[in-house]
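Spelled out from the first residue to the last, the chains are:
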Amino acid sequence: MPADPWRNTWRNPWRKLPVVQKLAAPGNPLARRSFLKLGAALSGGIAIGAAPGHAEDAAPPADSPWSQSLGAGVVDRPYGRPADTEAGVIRRNVPWLTAGTQSSVSFSPIQDLHGIITPNGLFFERHHAGRPDIDPSQHRLMIHGLVERPLVLSMKDIMRFPSTSRIHFIECPANGGMEWRAAQLNSLQFTHGMIGCAEWTGVRLSTLLEEVGLKKEAKWALVEGADGAHMTRSLPLDKCLDDCLVVYAQNGEALRPEQGYPLRLIVPGWEGNVNIKWLRRIKLGDKPWFSREETSKYTDLMPDGSARGFTWLIDAKSVITFPCPEKPLDGPGLYEIRGLAWSGSGKVKRVDVTVDGGMNWQSAILHDPVLTKALTKFTFEWRWDGKPALLESRAMDESGYVQPTITELRKQRGTNSVYHNNSIQTWQIKPDGSVFDVQLA
Amino acid sequence: MFSLLKSRIALSATLFILSAQVAAAGEPGHFGYGKVATPAEIAGWDIDVRGNDGAGLPAGKGSVQRGADIFAEQCAACHGTFGEGEGRFPKLAGGNGTLQDDRPEPTVGSFWPFAPTLFDYINRAMPMPAPHTLPVDDVYALTAYILNLNDIVANDFVADRDSLPQVKMPNRDHFIWTDPRPDTQDRPCMSACAPEAGVKITSTAEGRNLTPRTTGPLDTMQPE
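Below: a short report on this structure. Everything quoted here is computed from the prediction, not taken from an experiment. (Residues numbered from 1 in each chain as written. Chains lettered and ligands numbered in written order. Predicted model: local features only at pLDDT ≥ 70, side-chain atom pairs only at ≥ 80, totals over all residues.)

For the rest of this paragraph, the subject is the overall build of chain A. Each helix and strand counted, chain A has 7 helices and 23 strands in total. For chain A, the proportion of its 441 residues judged to be buried stands at 50%. At a minimum sequence separation of 6, the contacts of chain A that also span at least 24 residues come to 69%. (Helix = DSSP H or I, 4+ residues; strand = E, 2+ residues; numbered from the N terminus. Buried ≥ 20, exposed ≤ 12 C-beta atoms within 10 Å, placed from the backbone. Contact = placed C-beta atoms within 7 Å.)

Right, here's the structure in full:
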C-alpha cells in the first residue's frame, strides 16, 4: 500500500484563486461562457438568483463546472467564512447619521437572514468610543460598593463560576428612530437592522452578587465598560437579580470584539445600551447615578418638553423581512411572507398580518422555538394577484400588549423622542413587485 | 492519654475553623474565586460621580477662565469655540426654550438635568481621542466653562466638589424618572378596521435619496 498519494506529490495550483477565477480558467470547457456572465453579474451589482437565466449553462442538462473539478480541501479556510457570492451580506452604516464611525452604529442585514439567530459577524454594532481590542489576560471585572466582600475577577475566575446559556435579542432603542417623523429610509436593514439575537453563555449576575454579598442598602448597580467611553448605566437591583447575565460567549464561541470581548452584560428585554460591552466594573449603590447616557441620551423627549428617563423596556415589535425594499417580489403568485417578532416583556403570543394596509388582518404562524425575550419567526402564506398592496405585521406579547401604529405612537409621544419606535411597519408593494417604506394614516 | 485527648480537641477545633471558612451556597465567598479588591484597586477605578448630588466628586477645582483655554485646545475642534458644535458633533450650548419646538436643540444648557453629570462625562469619556487623560482640575475647569457658555454660572465661577452640586440646571425638573408605558391604546382589530375613508399613504421613502447604497454589491432595492 503506497503512502497517501496526495501527500507531497500533488498541489492544487488553484487553491489561492477566488472561485470565479478557478472556474473560468482555461481548460475548463464549460467554464468560459457561463462565468464570464457570472463575473459580469457580480461586478454589475446584480444579485445572484435575481437575474434569471444567468447560469443556464450549469443547469440541467449540462453538468456544472463545480461538479467536474476538485474542490478545496479541509482547513483551506481554518476559520470558515461565507461563500464569495454572499459578499453583499454585511453590516452597513448611515454616513450622514453621525459625526464619525467611532461613536456610531451599524445595521444588521436582516433582509438576508433566515432564522432567529444572528450570525456573530453580522450582529449590529453600537460603539460610543470605537471598538477596543482587549487582552483577555489583562481584563478584570471589579465588583464593589455596597457589598460585603469587594472582588476583582479575572476572565479565568469568571469562567469557573456555574455557566448558563440563554437566547435573547438585543435591540438598540434607536432602531427605527429615523422614522418618527416620516418614512425616510427605503431599506429593511436601515429601518430595523439595530437588532440581533444570539445564544449568550456566561454566569448569572445574581451568582456574582451573592458571591460578593449585598449590603441591605444596595438598591442599584452601576455597570461600566472598559472602552474609551467608560460606558456607564444604572440598573435597578431587582433586574440584576432577576435575569441578567455576565457573558463571555455568543453563539458558542467567544464574544466578538465588536460585541464586548471578552465580557459583556446581557439585560434581557431591555434597551441595547444597558447591555454594557467590555464590562469591567459593577458598583452597588443606594440610588441611580444619572449618568450622561441616562439623562442627556437614552431619554425620550415628549411634545410638552418633558423627558422620560429610565425607559429601559423594549415593547413588543415585529417586522416583515420578506418581502422588503431589498427583496422585491418576482411576479404574481404564491409567496410566504416572513418576519420576526420580539418583546422585552416575555414571549410573543400572536402576530397578525394585513395585506390591505390594516383593514383586515389574519394571524400568522409562529415557528418554534418561541422563547422569552428572543426573536420569534412568523410566516404567512399569501397569493399575490399583482395588484398594489400594503403589507404590515402586528405583534402581541404574553402581557397582552399590542404593537401600536406610528399614528398612535405619535399621538402619545410626538416626533422628537428618538427612542423606542416600535410601531407597525408598512411595506408598499407596487405592481412591478418593488417594495417601498411608507407610512399610513 | 492526656496528650491524645489534647490533640483530639485541637483537631476538632481545626475542623471547626476550616468549616467556618467555607461559605455555604448563596453566601459571600462560597466559590472563593478571584481576589478581594484592595482599597487602592478600588480607588483607581472608582471614577463615577452621581449626577443629582455630586457624590464621588474628587478634590480639586477649576475656573471658567482656565476652562476657556483648555476648551480651545482640547474641545473646540469638534464642539466649536463657543460650544456650537462642528458638523454633526454635539452642540453644547444654546437651545434654551426649544424643547417643545418642531426641531428641538437639546444641549447641556437646554436639556441636561444635573451639573455633576457633566464632570462625570468629561472625566470618563473626553476628549474623544484620549479619554480619561485630563487632570481633575482641567475637568473641573471645562465643566465650569461649559456651564458658563450656557449662562448658568457667572464668569468668576470656580467648579469644585462643593459648588457643582449647588448648580441648578434649568431643565432639572422636567424629567420623569418612572416609565409611564404602556402608553398606547391599540386593540387587535381583525376586520373592517380602517376608517370609512380608507387607507392613505402619508409619507414614503421613495425618491428621498436618504438610503445609503455605498457598501456591498448585492442590493436589489428598486429603483436604482
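Let's pick the thread back up.
This paragraph deals with the overall build of chain B. On a plain count of helices and strands, chain B comes out with 6 helices and 5 strands. Across chain B, helices and strands are ordered from the amino to the carboxyl terminus as α-β-α-β-α-α-α-α-β-β-β. The buried share of chain B, reckoned over its 224 residues, is 32%. When contacts within chain B are restricted to residue pairs at least 6 apart in sequence, long-range pairs at least 24 apart make up 55% of them.

Pairing in this open sheet of 3 strands is mixed, and the strands run β13(A)-β14(A)-β4(B) from one edge to the other. Lying at the two open borders of the sheet, with one neighbouring strand each, are β13 (300–301) of chain A together with β4 (175–176) of chain B. With 2 bridges connecting them, β13 of chain A and strand β14 (residues 307–308) of chain A associate as antiparallel partners. Residue pairing for β14 of chain A: leucine 301 of chain A is matched across the bridge by alanine 307 of chain A. (Pairing = 2+ DSSP bridges.)

As a further point, take the interface of chain B and chain A. Contacts between the two partners involve 78 residues from chain B, matched on the other side by 92 residues from chain A. Residue assignment for the side of chain B that touches chain A shows that the elements contributing at least two residues are β1 (35–36), α2 (39–45), α5 (115–125), β4 and β5 (201–204) of chain B. If you tally residues by element for the side of chain B that touches chain A, the top one is α5 of chain B, at 5 residues. A class-by-class count of the residues in the side of chain B that touches chain A yields 39 nonpolar, 23 polar and 16 charged. As defined by bridge partners, strand β23 (residues 435–440) of chain A adjoins β5 of chain B across 3 bridges and the pair is classed as antiparallel. The partner of leucine 440 of chain A across the bridge, within β5 of chain B, is isoleucine 201 of chain B. (Nonpolar A, V, L, I, M, F, W, Y, C, P; charged D, E, K, R; others polar.)

Moving on, we come to the nonpolar core. Core analysis: the largest hydrophobic core is formed by 141 residues, its most contacted members being Val246 of chain A together with Leu142, Ala144 and Tyr145 of chain B. Take this core: its biggest share by element is 9 residues, from helix α6 (residues 136–149) of chain B. Each of two domains, domain 2 (112–302) and domain 3 (317–438) of chain A, supplies a minimum of three residues to this core. Apart from residues lying up to four places away in sequence, leucine 142 of chain B is in contact with Gly67, Ile70, Phe71, Cys75 and Ile122 of chain B. (Core = buried A, V, L, I, M, F, W, Y, C linked by C-beta atoms within 7 Å. Domains from an automatic or database assignment.)

This next bit is on the sheet that holds strand β19 (residues 365–366) of chain A. Residue and element names in this part refer to chain A. The sheet built from 4 strands is open, its strands ordered β15-β16-β20-β19 with antiparallel pairing. Both outer strands of the open sheet, β15 (317–322) and β19, are each paired with one neighbouring strand and no more. Sheet topology note: the strand β16 (residues 333–342)/strand β20 (residues 376–384) ladder contains 9 bridges and is antiparallel. Paired with alanine 341 across the bridge in β20 is threonine 376.

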